[in-house]
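Below, each chain spelled out in residue letters.
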Amino acid sequence: MQWLNGSVRFSHSVRFTRFLSDANSRTKLFIGGLSYDTNETVLKDAFGQHGEIIEVKVICDRVTGQSRGYGFVNFASEAAAGEAIKEMDGLV
């Protein structure tokens, strides 16, 4: 993911999956297709415009520390998570 001219660019199409096992997890989004230089600050900045974020986690390789191309964003509300899905899903 990169910032270009004030917008966000992803290395691949971004795909979201909502985990529905309990009420809290409806606010946790899986974010795939991230560029390998994406960090948690950049991800939080990109998704923070859609609502309050509780936690952001970019999954990194244990050896290299480089992003593995996916992560999670946990929103404070289902409405914010839904807005993020609506606005960011498939963004290239």
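Residues numbered from 1 in each chain as written. Predicted model: local features only at pLDDT ≥ 70, side-chain atom pairs only at ≥ 80, totals over all residues. Heavy atoms only, no water.

Moving on to the side chain of threonine 38. Along the chain, threonine 38 turns up in the loop between strand 4 (28-32) and helix 1 (40-47). Of note is the side chain of threonine 38, whose polar atom sits 3.0 Å from the backbone oxygen of serine 35. (Helix = DSSP H or I, 4+ residues; strand = E, 2+ residues; numbered from the N terminus. Polar contact = N/O pair within 3.5 Å; in protein donor to acceptor, adjacent residues only side chain to side chain.)

Any pair of aromatic rings gets described here by the distance separating the centres and the angle formed by the planes. For the structure on display, the rule yields three aromatic pairs. Where tyrosine 70 meets phenylalanine 72, the ring centres are 6.5 Å apart and the plane angle is 85 degrees; that geometry is what we call edge-to-face. Judged by its relative accessible area of 26%, tyrosine 70 is partly exposed. Taken together, the ring pairs in this structure connect Phe30, Tyr70 and Phe72 into an aromatic cluster. Against the face of phenylalanine 72 rests lysine 28, its NZ or CZ located 5.2 Å from the ring centre. (Phe/Tyr/Trp six-rings, centres within 6.5 Å; stacked < 30°, edge-to-face > 60°. Buried < 20%, exposed > 50% of the residue type's maximum accessible area, 1.4 Å probe, protein only. Lys NZ or Arg CZ within 6 Å of the ring centre and 35° of its normal.)

Function-wise, these values are silent; they only describe arrangement.
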